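Chain and residue survey
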Amino acid sequence: MKASNLWILTEERPKDSVIGEILQKFAQDHKVACFIDNIKILPILNKDKSFSFTYVVKGFDSQIVKNIYIKTVSGYSSFVDFLIFYQDDIPDQKDTPIYAIEETKTDDAESRNTGVYQRASKFPYIEYYYPSITKIMLYSLQIEQKQEQTDTNVFGTKCLHTIGVSILGKRLDEGVNTPWDSIDEMVAFKNGMKQPPKGNVPVRFKVFDDKIQISGRLIKSGSLSYDPNIGQLSLMSSALRSLGWSKKIEITMHGLEQRHIENSSKFLQIADRFDIDFEGLIRPEVKSKNAYWRYDLKGEKLGTIFIHLVVENFTSGFSIYENHAGCERGYFMTEQGEPIVVGKYLDQKAYKSGDKKQIIHIPDLVLADIDRKLVINVEGKKYSTMQQGIDELSNFDGFELHYIKKHFPEYKEIIRTVVLFGSKNTEIEKVEVSFLLNDNGKMILNVNAPKLFQIAIRNLINYWRL
C-alpha cells in the first residue's frame, strides 16, 4: 500500500488523546503496525516565522502514513467534529473523506440527551454529501461513566449501530453493542420507556400498515430548533430506513406551523433525504447546500486555539479550562486534575427571580503558569471586535472566585487579557491585548504579554529553526 498523508479537518481544538484514538482506529482498519508515543500537535511556521494555519502531528509512526496535518474548518451546517482524508494533497470540496467522527465528552452521568441524541443528526446529515463515509461516535470521557446505561442511552446507541455508526471510547453493556434486529424490536423498546414529565410530548411510535408516526415536539422559541428532538427524530427515522421501512414516516405533535418549515434547515434536509413528513403541513422542496465545509480563516478561535497549543507544547504551562468559540465546552480542571462542570449561574434561584448578575461569565481559555504561580484568563476576539473583548474582561469576578481561587489557592495572581485574530496589523494598540495572530499568520506579542506567552512563542520559533 502506497504511503500518503492524513489530513484532519476540524472545528474543534484538537486534543492529543482524541487524535491518538483516531490514528489508532486508522491503523486498525488498515491492518498495519503503528507506533504511538507522546502525541504532540504543533503549529507549522513558514520561513518568515509566520503561522501557516496548518498543524502537524508528531508521535505517530506507520509505514503507510507520511505526515499528519490538521487544519481548522467551519461547517456550513451541522458539521461533524472531524473529517479525515487520506491523500497526498490538501483536501478540497471534490475529495472524499474516509471518516466522519463526532466526539463527545458527555455520558449518561452528565446528560442523557446530549450524550446520544443532540449530536445524532450529524450522521444522517453528512450522508447528503458523503453517502458511503465511515461514521464514528468517539467518547472522550473525563467523568466516570455510569455503571449501567439508561434506557435513553441504550435506545440511542442501538439506533446509531443500526445506521452504521461505530462507537469508540465507551464501555457498552451486553446487548447494547448491536443494531436493532427489527422494526418491531425498536418500536417495542421505545414505546416501553418511562414517560416524560407531565406536559412534555413523549417521543413514541405509532405503526400503521401504510405509515409509521413518531411523536415529538420540534418547536422552541418560535422556530424549528429543539436540538435534542431534532437529533432523536433524525436518528429514529434513519434507523427505520436502514431496517427496510420504505413507506411513509410522519412526525406528529411537533408544534410547528407551515411558516416554520419554509427555510432550508438541517432537519428539513434530513427530512428530504429520508422522506419524513410533518403531520398537517406540506414539506417544501429543499435544495441542499453546495458545500459541507470551508477552511476557516476568519474565526476568533484561530487565535485562542493557537496560543493554547503553543503554550501546552512549548512551556510547562497548561490549560485548566477552555471554551473556544464554536467548540465544545471543556471541564474546569482542578490543581489535582479533577474535572468539574462549570455552572451557568452563581445562584440559579436568584437568577430565575430576575437577578442577571448571577450569570457566570466564562473566558475562552484559562491557562495555569505553574512556574510563576499565576493564572491567565483569556478572552478571544476578532480584531474587529477588540473593544468588546476588552470590555468583557471585567465580567470574570464570579468565575475567578468560585473556580480559580477555590481550586488554585496557592496561585496568588490572576491576569485577564485579550487574544486577537485578524487584520493586517503588525502592532498591538491596546494594553489589554497581549497577542495578535493576524490574517497573514504574523505572531505579534505586546511588550507586557504574560511571560508564559513570550516563552511559548520564542520556543516555537526556535523549534522550527533547528
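The preceding data block contains the structure.
These lines cover the structure that appears in this document, whether it is placed above or below. All values reported here derive from a predicted model rather than from experimental measurement.

Secondary structure summary: the protein chain contains 12 helices and 23 strands in total. For the protein chain, the C-alpha radius of gyration of 24 Å lies close to 23 Å, the compact-globule estimate for 466 residues. In terms of overall dimensions, the protein chain has C-alpha extents of about 75 × 65 × 45 Å along its principal axes. Each of the 466 residues in the protein chain was classed as buried or not, and the buried ones make up 56%. When contacts within the protein chain are restricted to residue pairs at least 6 apart in sequence, those whose partners lie at least 24 apart make up 65%. Surface accessibility of the protein chain: about 21300 Å² in total, with carbon and sulfur atoms responsible for 47%. Here the protein chain carries 61 positive and 61 negative side-chain charges, and the mean point of each set is 2 Å from the other.

Turning to the packing of aromatic side chains, a few remarks are in order. Using the criterion set out here, one finds 27 aromatic pairs in the structure. Each ring, one from Phe-51 and one from Phe-53, has its centre 5.1 Å from the other, and the planes form 45 degrees; the classification is tilted. Phe-53 shares its class with Phe-51; the two are buried. Aromatic pair Tyr-129 and Tyr-292: ring centres 5.2 Å apart, planes at 40 degrees, arrangement tilted. Here Tyr-129, found in the loop between α3 (122-126) and β7 (134-139), pairs with Tyr-292, found in the loop between β14 (276-278) and β15 (293-295); they are 163 residues apart in sequence, far enough to count as distant. Like Tyr-292, Tyr-129 is buried. Here the aromatic cluster, defined as three or more aromatic residues joined through ring pairs, consists of Phe-51, Phe-53, Tyr-55, Phe-306, Phe-421 and Phe-435. Between the NZ or CZ atom of Arg-273 and the centre of the ring of Phe-274, over which it lies, the distance is 5.4 Å. Of note, Arg-294 hangs over the ring of Tyr-76, and the distance from its end group to the ring centre comes to 4.8 Å.

Strand order across the open sheet formed by 6 strands is β16-β19-β20-β21-β22-β23, with mixed pairing between neighbours. Every interior strand has two partners, whereas the edge strands, β16 (318-322) and β23 (443-445), have only one. The sheet shows a mean angle of 25 degrees between the axes of neighbouring strands, direction not considered. Across 4 bridges, the pairing between β16 and strand β19 (residues 365-369) is antiparallel. The residue of β19 that forms the bridge with Ser-319 is Leu-367. Contacting β16, β19, β20 (374-382) and β21 (413-421), helix α11 (residues 397-407) crosses the sheet at an angle of about 120 degrees to β21.

Before going further, it helps to examine the pairing of strand β10 (residues 211-215). β10 sits mainly inside the fold: 5 of its 5 residues count as buried. Residues Lys-211, Gln-213 and Ser-215 line one face of β10 and the alternating positions Ile-212 and Ile-214 line the opposite face, and both faces are buried. Two elements, strand β9 (residues 205-207) and β10, share 3 bridges in a ladder whose sense is antiparallel. Paired with Phe-205 across the bridge in β10 is Ile-214. Between β9 and the antiparallel strand that follows it, β10, lie 3 residues. Pairing of β10 with strand β13 (residues 248-252) involves 5 bridges; the strand directions are parallel. Looking at β13, one finds that Ile-214 is bridged to Ile-251.

Interaxial distance between helix α8 (residues 301-314) and helix α12 (residues 451-465) falls to 9 Å at its minimum, and their mutual angle equals 75 degrees. When the axis of α8 is compared with that of α12, the two are roughly perpendicular. Here Phe-306, Ile-307, Val-310, Val-311 and Phe-314 of α8 come into contact with α12, specifically with Leu-452, Phe-453, Ile-455, Ala-456, Ile-457, Asn-459, Leu-460 and Tyr-463. For the contact of α8 with α12, a count of residues per class yields 12 nonpolar, 1 polar and no charged.

Right, let's talk about the sheet that holds β14 for a bit. Pairing in this open sheet of 4 strands is mixed, and the strands run β9-β10-β13-β14 from one edge to the other. Edge positions in the sheet fall to β9 and β14, since each has one partner strand and no second. With strand direction ignored, the average angle separating the axes of adjacent strands in the sheet is 25 degrees. Its contacts with the sheet place helix α5 (residues 183-191) against β9 and β10, and it is angled at close to 140 degrees to β9.

With respect to the helices and strands, the residue Lys-289 is situated in the loop between β14 and β15. Residue classification places Lys-289 among the partly exposed positions, given a relative accessible area of 31%. Between the alpha carbons of Lys-289 and Leu-393 there is a distance of 38 Å; along the sequence they are 104 residues apart. Apart from the residues lying within four places of it in its own chain, the contact partners of Lys-289 are Tyr-76, Ser-77, Tyr-125, Tyr-129, Ser-264 and Gln-269.

Definitions and cut-offs
Residues numbered from 1 in each chain as written. Predicted model: local features only at pLDDT ≥ 70, side-chain atom pairs only at ≥ 80, totals over all residues. Heavy atoms only, no water. Helix = DSSP H or I, 4+ residues; strand = E, 2+ residues; numbered from the N terminus. Rg over C-alpha atoms; globule rule 2.2 N^0.38 Å. Buried < 20%, exposed > 50% of the residue type's maximum accessible area, 1.4 Å probe, protein only. Contact = heavy atoms within 4.5 Å. Areas by Shrake-Rupley, 256 points an atom, 1.4 Å probe, with all protein chains shown as cover. Lys, Arg positive; Asp, Glu negative; His and termini not counted. Charge placed at Lys NZ, Arg CZ, Asp CG, Glu CD. Phe/Tyr/Trp six-rings, centres within 6.5 Å; stacked < 30°, edge-to-face > 60°. Lys NZ or Arg CZ within 6 Å of the ring centre and 35° of its normal. Pairing = 2+ DSSP bridges. Axes fitted to C-alpha atoms, helices over the stretch in contact; angles between N-to-C directions. Parallel < 35°, antiparallel > 145°, perpendicular 65-115°, else oblique. Nonpolar A, V, L, I, M, F, W, Y, C, P; charged D, E, K, R; others polar.

Without other data, these values stay purely geometric and don't point to any function.
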